[in-house]
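# Coordinates in review
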Amino acid sequence: MIKTLSIAVLPSVAADEPGLLRIIAEEAGVKKNAVTGYHIIKRSIDARGRQPKVILQLQVFINEKVQDLPPFDPELQDVRHAKPVVVVGAGPAGIFAALRLISLGLKPIILERGKDVRSRRRDLAAINKEGVVNPESNYCFGEGGAGTYSDGKLYTRSTKRGNVRRILQLFVHFGAEPSILYDAHPHIGTNKLPQIITAMREQIIACGGEVLFEHKLTDILLNGDQITRVNTSAGTTIACDKLILATGHSARDIFELLHEKGIEVESKPFALGVRIEHPQALIDQSQYHCTVRDPFLPPASYSVVAQEYGRGVFSFCMCPGGIIAPAATNPGEVVVNGWSPSKRNNPYANSGTVVAVDEADYAKYGFKGPLAGMYYQQMVERQAFETGGGRLVAPAQRMGDFVGGKLSQTLPDCSYLPGIHSAAIKDVLPEEVARALKQAVVDFGKKMKGYFTNEAVLVATESRTSSPVRIPRDKDTLEHTQIKGLYPCAEGAGYAGGIVSAAIDGERCVEALVNSLT
Ligand SMILES: Cc1cc2nc3c(=O)[nH]c(=O)nc-3n(C[C@H](O)[C@H](O)[C@H](O)COP(=O)(O)OP(=O)(O)OC[C@H]3O[C@@H](n4cnc5c(N)ncnc54)[C@H](O)[C@@H]3O)c2cc1C
């Protein structure tokens, strides 16, 4: 017999195979040795009660041979001689687009401005140790895009737009832990992503695709409204009648190029603010109602949201046991983001905490037109750089001091490697953003015990939450509304936010492109 069970067990029991089997048998109403095996369908943590529990949905085999889960077929084939399609950007969208092109019988040619993951590592070291940003190779640009040295949280809300399970299965196929298939909040970790991305690239090349590093797209050439060729920074011109543009939200030169060429782009709202870092132990105490975290529980996370002065304020990309990363793409700007290793074993918990901004905000600072949000974003990042004093040192303030309007006399230890400098965060952020943020941290403290504390530090500025620009496309064909053969894709074009949704959009663009060929 095969039975589906949902059980709630202590974290220590969930980690102890014989103990878990005993409970499964009890719940199934059979003797322990009648349980021949089980598959976990879903695993989550319920921390609402005083004693956190692990919730497991299981497929249990009773007196029956355990059936393997159906094998996953990535549908790869030789596309050496197939029709080529140019994919610009080797982020999650570009890589998953390339894999989908292969599975549908087309040859991907990926153009990537940055370097392969291994060479990219040296440029990240220069950012962290010397505060020097290479505008072509950094935390956002290079193989794997912003996804490679990201946190690798794979939770997404975009389940209606595409096949999330297929994306997760591809990650597992290329080396991720199978637990991402059943964890409610799957996470890979920065230390594991580079090998997975490398395996994906090697497979693309083995199937006959091409991956050209240090090939920045510099121009798009048209015949009327049809795309015909692209120029690259390597001095090459590549003929193409179909192009997937997956350059991410930090490729400001691409937004400028399109605008200058009269290819329509639109201003869009986004959100900006700070990273807030707490001691992880404090978040554990608050979320798990304990003094010391049960060693069988993962470091706790949180998610907070408020409406302040008519604006949404929310936590974003929370990294338990994480590090605040310097994610600028140009010299003279400070941008922060966050990541954590697979074990999430750093003593800090950080989270982007951001305020919604829109065209009215951009206009207040004199920015108008389709690129207004991008220039507003850049203005704040430059202000953060100036206030930090250079070398990517970030302005920072204790939470209580920020709300009380005092400069912090001392700052707590912080995971941000280029260093932090005591400053008034209200002078870095636009006034309306600082005002909403101030009220929000007070309100979050009322909802979450321990959150509002002077042990927490605000680090500016978290500004690359989503793209400030949209590249419009037809909702059915996914082609640009004016240009034939151009497929604006994923986060940079305004259609995704995060690794999985970017990967899904990469696949969707390919499927639409293939439909146009039939
Ligand atoms: C530190 C950090 C942590 C993050 N943590 C998470 C997380 O835990 N979970 C999550 O879901 N998301 C996370 N994100 C966000 C996530 O990485 C992005 O949402 C995702 O990578 C977007 O995918 P994309 O393919 O659309 O764009 P990108 O990943 O931005 O990729 C775009 C690619 O295009 C290339 N490119 C740009 N311009 C050109 C050009 N002119 N020519 C050629 N190539 C070009 C870039 O070099 C880059 O490789 C994190 C991001 C950062 C920086």
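Heads up: the structure comes first, above all this text.
The sections below set out a description of the structure shown in this document.

Each value, and the rule that gives it
- Residues numbered from 1 in each chain as written.
- Predicted model: local features only at pLDDT ≥ 70, side-chain atom pairs only at ≥ 80, totals over all residues.
- Heavy atoms only, no water.
- Helix = DSSP H or I, 4+ residues; strand = E, 2+ residues; numbered from the N terminus.
- Rg over C-alpha atoms; globule rule 2.2 N^0.38 Å.
- Buried < 20%, exposed > 50% of the residue type's maximum accessible area, 1.4 Å probe, protein only.
- Areas by Shrake-Rupley, 256 points an atom, 1.4 Å probe, with all protein chains shown as cover.
- Lys, Arg positive; Asp, Glu negative; His and termini not counted.
- Charge placed at Lys NZ, Arg CZ, Asp CG, Glu CD.
- Pairing = 2+ DSSP bridges.
- Axes fitted to C-alpha atoms, helices over the stretch in contact; angles between N-to-C directions.
- Contact = heavy atoms within 4.5 Å.
- Core = buried A, V, L, I, M, F, W, Y, C linked by side-chain atoms within 4.5 Å.
- Phe/Tyr/Trp six-rings, centres within 6.5 Å; stacked < 30°, edge-to-face > 60°.
- Parallel < 35°, antiparallel > 145°, perpendicular 65-115°, else oblique.
- Left-handed = near helix turned anticlockwise from the far one by under 90°.
- Nonpolar A, V, L, I, M, F, W, Y, C, P; charged D, E, K, R; others polar.
- Salt bridge = Lys/Arg side-chain N within 4 Å of Asp/Glu carboxyl O.
- Disulfide = S-S within 2.5 Å.
- Polar contact = N/O pair within 3.5 Å; in protein donor to acceptor, adjacent residues only side chain to side chain.
- Near = heavy atom within 4 Å.
- Expected span 1.5 Å × (residues − 1).

### Looking at the overall build of the chain
Each helix and strand in the chain was counted, giving 14 helices and 22 strands. Over its C-alpha trace the chain gives a radius of gyration of 24 Å, about what one expects of a compact globule, namely 24 Å for 518 residues. Based on the C-alpha atoms only, the size of the chain along its principal axes is roughly 75 × 65 × 40 Å. In the chain, which comprises 518 residues, the share counted as buried stands at 57%. Of the roughly 21500 Å² of accessible surface on the chain, 50% is carried by carbon and sulfur atoms. Within the chain, one finds 58 positive and 55 negative side-chain charges whose respective centroids are separated by 3 Å.

### Brief notes about the sheet that holds strand β2 (residues 35-46)
The pairing of strands in a sheet comes from backbone hydrogen bonds and takes either a parallel or an antiparallel form. With antiparallel pairing, three strands are arranged side by side in an open sheet as β1-β3-β2. The open sheet has two free edges, formed respectively by β1 (2-9) and β2, since each of these has just one partner strand. Within the sheet, the average angular offset between the axes of one strand and its neighbour, ignoring direction, is 20 degrees. Two strands pair when backbone bridges link them, and β1 and strand β3 (residues 53-62) are joined in this way by eight bridges, in the antiparallel orientation. By the bridge assignment, Ile2 is partnered in β3 with Phe61.

### Remarks on the environment of Leu217
Looking at the secondary structure, you find Leu217 in strand β7 (residues 217-223). When the C-alpha atoms of Leu217 and His278 are compared, they prove to be 40 Å apart, with 61 residues separating the residues in sequence. Discounting residues that sit within four places of it in the chain, Leu217 has contacts with Val88, Val230, Asn231, Leu245 and Ile254.

### Considerations on the environment of Ala349
You can see Ala349 is positioned in strand β17 (residues 348-357). Residue Ala349 is classed as buried on the basis of its relative accessible area, which comes to 0%. The spatial distance from the C-alpha of Ala349 to the C-alpha of Gly338 is 9.5 Å, given a sequence separation of eleven residues. Apart from the residues lying within four places of it in its own chain, the contact partners of Ala349 are Ile276, Glu277, His278, Pro279, Gln280, Ile283, Met318, Cys319 and Gly321.

### Considering the nonpolar core
With 110 residues, the main nonpolar core has Phe171 and Ile244 as its most contacted residues. Of the residues forming this core, the biggest block, ten residues, is contributed by helix α14 (residues 499-517). Beyond its immediate sequence surroundings of up to four residues, Ile244 is in contact with Val86, Val87, Val88, Ala97, Tyr487, Cys489, Cys509, Val510 and Leu513. Counting 27 residues, the second largest nonpolar core, distinct from the first, contains Val230, Ala251, Val265 and Val469.

### Let's talk about the packing of aromatic side chains
This structure, assessed with the given rule, holds nine aromatic pairs. With a centroid separation of 6.1 Å and 35 degrees between ring planes, the pair formed by Phe270 and Tyr362 is classed as tilted. Placement of the pair is Phe270 in strand β12 (residues 270-279) and Tyr362 in helix α9 (residues 359-364), with a sequence separation of 92 residues. Arranged with centres 5.8 Å apart and planes meeting at 65 degrees, the rings of Tyr365 and Tyr376 form a pair that is edge-to-face.

### Description of the packing of helix α3 (residues 92-103) against α14
Packed helix pairs are characterised by how far apart their axes lie and by the angle those axes make with each other. One can describe the packing of α3 onto α14 by two numbers: an axis separation of 7 Å at closest approach and a directional angle of 40 degrees. Considering their axes alone, α3 and α14 lie oblique with respect to each other. Regarding α3 and α14, the two cross each other, and that crossing is right-handed. Residue-level inspection shows Pro92, Ala93, Phe96, Ala97, Arg100 and Leu101 of α3 in contact with α14, the latter providing Ile499, Ala502, Ala503, Gly506, Glu507, Val510 and Glu511. A class-by-class count of the residues in the contact of α3 with α14 yields nine nonpolar, one polar and three charged.

### Observations concerning the pattern of salt bridges
Any two side chains of opposite charge can pair if their charged atoms end up close together. Per the counting criterion, the structure on display carries 33 salt bridges. Measuring nitrogen to oxygen at the nearest pair gives 2.6 Å for the salt bridge that ties Arg275 to Glu462. Note that Arg275 is positioned in strand β12 and Glu462 in strand β20 (residues 457-462), a separation of 187 residues in sequence. We note a salt bridge from Lys406 to Asp401, for which the minimum N-O separation is 4.0 Å.

### Here's the deal with the state of the cysteines
As enumerated under the stated definition, the model contains zero disulfides in all. Residue Cys140 stays outside any disulfide, its sulfur separated by 12 Å from that of Cys317, the closest cysteine.

### Focus on the side chain of His278
Tracing the chain through its elements places His278 in strand β12. A polar contact is formed between the side chain of His278 and the backbone oxygen of Tyr451, at a distance of 2.7 Å. If near-sequence neighbours (up to four positions away) are discounted, His278 is found in contact with Ile283, Tyr302, Pro347, Tyr348, Ala349, Met399, Gly450, Tyr451, Thr453 and Ala456.

### Some thoughts on the site of the ligand
As a structural note, the neighbourhood of the ligand is formed by 36 residues, with Glu112, Ala146, Leu217, Glu491 and Ile499 the closest of them. Between the ligand and the protein, one listed contact pairs an oxygen atom with a side-chain N or O atom of Glu112 at 2.5 Å. Contact distances for the ligand include 2.7 Å between an oxygen atom and a backbone N or O atom of Ile499. Here the ligand loses 95% of its free accessible area of 990 Å² to cover by the protein chains. By residue class, the composition of the shell around the ligand is 17 nonpolar, 13 polar and six charged.

### Observations regarding α3
Under the 1.5 Å per step criterion, the end-to-end length of α3 is 16 Å for twelve residues, consistent within 8% with the ideal 16 Å. Most of α3 is tucked away, with twelve of its twelve residues classed as buried. Of the residues making up α3, those classed as buried are Pro92, Ala93, Gly94, Ile95, Phe96, Ala97, Ala98, Leu99, Arg100, Leu101, Ile102 and Ser103. Trailing α3 by a residue or two, Gly105 shows a phi angle of about 85 degrees, which is positive.

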